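# Summary of the model geometry
The chain contents come next:
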Amino acid sequence: MLLPEWYVVLAAGLLGAALGSFLNVCVYRWPAEQSVVSPRSRCGACGTTIAWYDNIPVLSWILLRARCRHCGNPISIQYPLVELAVAAIWGLAVWQLGPGAEALRLASFLTILLGIALTDAREMVIPDQFTVPGTALGLLLASIPGGLPFRSALIGAAVGYALLWGVKLAAEKALRKPALGVGDIHMMALVGAFTGPIGVLLTLMLGSALGLVLGVPVMWLRGRLLPMQSYLPLGLFLALGGAVTILWGPSIIDWYLRTVL
Ligand SMILES: [Zn+2]
């Protein structure tokens, strides 16, 4: 396949930056049950509505030297970092796959996973606003021929949903206390809609392994930065597992079948 022209990649990157800017709004407002449409973006410290020229992804943060124009309070570096990350996701997806349905599928899945990872790490919630429309989007994109077959996406979503309900019921029976949120269950339906039933299993395995290896350091860090939380942000690790699965899943399964079996 011919690599796309540079301006196509640039356009995808700029679209990604704008989506990243919107993702920032979702990450802050959805856990607080606020609308992402109105009111317009405001400074978290003084409440002044942010003008369009102070709301340009990455650029405004640099030009304003990370401070609000009105009150001078600092603006978190999370804003430009998320914008840069989503710009990179969309630019790289189009560069590698060309401007088509597969790039759209990869980039939108990774963008939603980033949003979930952030809300779960910050607030310990996985908003339905990410997972429910996200699952529908995954099924819709799978109905376009050339990528994951629609049947795999549908079975994947069902397996992700049912499997996590099973894990929840089993864990609650064993631990005799609530385990796994509904958010995690909806999230695995989303993962299934984008990666199919094998992708669900791989994501679960990778997510649990990463949770075991990285979970203790992450909880320790959270205890230092935020009030101590005794829960592991499982969604964060499932998001990492899902990203690895859609990027390298087929190679990992291939390697597994050849070397382990
Ligand atoms: Zn301000």
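Here the structure is a predicted model, which means the values were calculated and not measured.

### Things to note about the overall build of the chain
Regarding its fold elements, the chain presents eight helices and zero strands. Reading the helices (α) and strands (β) of the chain from amino to carboxyl end gives α-α-α-α-α-α-α-α. Here the C-alpha radius of gyration of the chain, 19 Å, is about what a compact globule of 261 residues would show, namely 18 Å. Dimensions along the principal axes, computed over C-alpha positions, put the chain at roughly 60 × 55 × 30 Å. Partitioning the intrachain contacts of the chain with sequence separation of at least 6 by distance along the chain shows that 66% fall at a separation of at least 24. Carbon and sulfur atoms provide 70% of the accessible area of the chain, an area that totals close to 14600 Å². Within the chain, one finds 16 positive and 11 negative side-chain charges whose respective centroids are separated by 7 Å.

### Remarks on a nonpolar patch on the surface
A contiguous nonpolar patch, built from Trp 52, Tyr 53, Ile 56, Leu 59 and Leu 63 and spanning about 590 Å² of accessible area, is present on the exposed surface. Relative to the assigned elements, Tyr 53 resides in the loop between helix H1 (6–29) and helix H2 (59–63).

### What about the coordination of the zinc ion?
Taken together, the protein donors to the zinc ion comprise Cys 43 (SG), Cys 46 (SG), Cys 68 (SG) and Cys 71 (SG), at separations of 2.3 to 2.4 Å. One can describe the site at the zinc ion as tetrahedral: its four donor atoms subtend angles covering 106 to 115° at the metal. Spacing between the donor residues of the zinc ion along their common chain follows C-x2-C-x21-C-x2-C. Its relative accessible area of 13% is what places Cys 43 among the buried residues.

Reading the values: rules and limits
- Residues numbered from 1 in each chain as written.
- Predicted model: local features only at pLDDT ≥ 70, side-chain atom pairs only at ≥ 80, totals over all residues.
- Heavy atoms only, no water.
- Helix = DSSP H or I, 4+ residues; strand = E, 2+ residues; numbered from the N terminus.
- Rg over C-alpha atoms; globule rule 2.2 N^0.38 Å.
- Contact = heavy atoms within 4.5 Å.
- Areas by Shrake-Rupley, 256 points an atom, 1.4 Å probe, with all protein chains shown as cover.
- Lys, Arg positive; Asp, Glu negative; His and termini not counted.
- Charge placed at Lys NZ, Arg CZ, Asp CG, Glu CD.
- Patch = residues over 30% accessible without salt bridge, like charges linked within 9 Å, V, L, I, M, F, W, Y side chains within 5 Å.
- Salt bridge = Lys/Arg side-chain N within 4 Å of Asp/Glu carboxyl O.
- Donors = N, O, S within 2.8 Å, 3.2 Å for Na, K, Ca; no water.
- Tetrahedral: all angles 85-135°; square planar, octahedral: opposite > 155°, others 65-115°.
- Buried < 20%, exposed > 50% of the residue type's maximum accessible area, 1.4 Å probe, protein only.

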